[in-house]
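Fold and geometry: a report
As a plain string of letters, each chain reads:
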Amino acid sequence: MKKVLIIAGFDPSGGAGVLLDVKVVRALNSYATSVVTSLTVQDTQRVYDLKPIDPHFFEYQLQKVVEDIKPDSVKIGLLGSSEIAVVVLRNLKRYNLKKVVCDPVLKSTSGFEFCKSEFIEFLKYEFFKACDVITPNKNEAEVIFDVEIKNFDEDVLSCVQERMKKMGIKSCILKGGHLPGEVAEDVLITHNDIFKVHAKKQGFTDSIHGTGCAFSTAFATFLAKGYNMYDALISTKEYVSNLIYKSTKIGNGKLILNP
Ligand SMILES: Nc1ncnc2c1ncn2[C@@H]1O[C@H](COP(=O)(O)OP(=O)(O)OP(=O)(O)O)[C@@H](O)[C@H]1O
Ligand SMILES: Cc1ncc(COP(=O)(O)O)c(N)n1
């Protein structure tokens, strides 16, 4: 059985973060270990507050679990604080962890700012380099690559590709759920290739919660199973589109995914 290490935040309502990620890994017949970076006060309507875990305690947990259960891939979600991010970076290197997928969670769908500006600079210029792929949505990609994204036209994609090379980011999947139009398109960009997948848009992207978490976790799970990046993206797209199709209203706010 393949093992996926989840490093992410805790959403008590289960619509995002570790609770959702573990369900995705399990639904794809793999085994999840998880280390929580931060606790949130959150329901299906919005995020109210965040408290990062003590970085020393976090590192103790991370090291014990990695030394016991060596992961086949890693999914990184909400980091919660720059101190935690520093610990994650140090341990990615120390244990030479492979197939590292980072969902750069900067802001929630409901608008809660998870990162301050100096923390974003650290992610951009230090942290992302240590990951194999980052999976920003439209707004996150605009902040990371300092580019306005109105569509995924060739000039926008080659600008992102150039900036990735300069910043030392190995590969990136731009998620297009928040772009206008009938189609939900995502683009894998490496230093020498651009590869697109798309699906018909269902409902309203802003009324669904947790799609980005499920996407990056499914992608990390397919990598753990030995898929190459292209096949992992095709399978992830199909899997997440199906989850969106079956999304349900469980509380008073957004629709949630139920893997
Ligand atoms: N309405 C939709 N219909 C079909 N697919 C969608 C829809 N909205 C988003 N997607 C797909 O879901 C995945 C996540 O993309 P999205 O752009 O929503 O990321 P995100 O903003 O990080 O998600 P989150 O809601 O967790 O913040 C992508 O594959 C995207 O194309
Ligand atoms: C713990 C945690 N991790 C990630 C997100 C982002 O997900 P979304 O953009 O759907 O709010 C979240 N709200 N909470």
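Residues numbered from 1 in each chain as written. Chains lettered and ligands numbered in written order. Predicted model: local features only at pLDDT ≥ 70, side-chain atom pairs only at ≥ 80, totals over all residues. Heavy atoms only, no water.

A look at the side chain of D21
Among the secondary structure elements, D21 is positioned in helix α1 (residues 17-27). Note on D21: relative accessible area 0%, which makes it buried. Excluding residues that lie within four positions of it along the chain, D21 makes contacts with I6, A8, K75, C213, A214 and T217. (Helix = DSSP H or I, 4+ residues; strand = E, 2+ residues; numbered from the N terminus. Buried < 20%, exposed > 50% of the residue type's maximum accessible area, 1.4 Å probe, protein only. Contact = heavy atoms within 4.5 Å.)

Overview of the layout of surface pockets
Approximately 210 Å³ is the volume attributed to the second largest pocket. Lining of the second largest pocket is provided by L50, G80, S81, S82, E83, F112, E113, F114, C115, K116, E118 and F119. Elements supplying a minimum of two residues to the lining of the second largest pocket: α3 (82-94) and α4 (117-127). (1 Å grid on protein atoms, 1.4 Å probe; cavity = no way out; pocket = protein on both sides within 12 Å on 5 of 7 lines; lining within 4 Å. Points joined across faces, edges and corners; volume = space filled by probe spheres on them.)

Observations regarding the UniProt feature "domain: Pyridoxamine kinase/Phosphomethylpyrimidine kinase" (unreviewed entry) in the chain
Taken from the UniProt record, the annotation "domain: Pyridoxamine kinase/Phosphomethylpyrimidine kinase" (unreviewed entry) applies to residues 11-255. Structurally, residues 11-255 is divided into 42% helix and 20% strand, and its ends, taken at the C-alpha atoms, are 15 Å apart. (UniProt positions renumbered as here; feature names shortened; annotations may be inferred.)

What about the environment of I244?
Counting through the fold element by element, I244 comes out in helix α8 (residues 229-245). In the structure, I244 is positioned 39 residues away from T205 in sequence and 9.4 Å away in space, judged by C-alpha atoms. Here I244 is in contact with Q202, I208, T211 and L257, once residues within four sequence places are set aside.

Comments concerning empty space enclosed by the protein
Per the stated rule, a full pass over the model turns up two cavities of 30 Å³ or more. Per-class residue counts for the lining of the largest cavity are 10 nonpolar, two polar and one charged. The space that makes up the second largest cavity amounts to roughly 50 Å³. Around the second largest cavity, the lining residues are Q42, D43, T44, Q45, R46, V47, S108, T109, S110, H209 and K254. (Nonpolar A, V, L, I, M, F, W, Y, C, P; charged D, E, K, R; others polar.)

What to know about the pairing of strand β9 (residues 194-200)
Relative to β9, strand β8 (residues 183-189) runs antiparallel, the two sharing seven bridges. Among the inter-strand pairings, D186 is bridged to a residue of β9, identified as V197. Hairpin connection from β8 to β9: four residues lie between these consecutive antiparallel strands. (Pairing = 2+ DSSP bridges.)

Examining the side chain of S108
Tracing the backbone through its elements, the reader meets S108 in the loop between β5 (100-102) and α4. For S108, a relative accessible area of 13% puts it in the buried group. With sequence-adjacent residues up to four places away left out, S108 is seen in contact with V47 and F114.

Here's the deal with the site of ligand 1
Neighbouring ligand 1 are 19 residues, the closest being K175, H178, D186, Q202 and G212. Side-chain polar atom of H178 to an oxygen atom of ligand 1: 2.7 Å apart, as the coordinates give it. G212 has a polar backbone atom sitting 2.8 Å from an oxygen atom of ligand 1. The fraction of the free accessible surface of ligand 1 (620 Å²) that becomes covered by protein chains is 96%. Among the secondary structure elements, those contributing two or more residues to the shell around ligand 1 are β8, α7 (211-224) and α8. Classifying every residue of the shell around ligand 1 gives five nonpolar, nine polar and five charged. (Near = heavy atom within 4 Å. Polar contact = N/O pair within 3.5 Å; in protein donor to acceptor, adjacent residues only side chain to side chain. Areas by Shrake-Rupley, 256 points an atom, 1.4 Å probe, with all protein chains shown as cover.)

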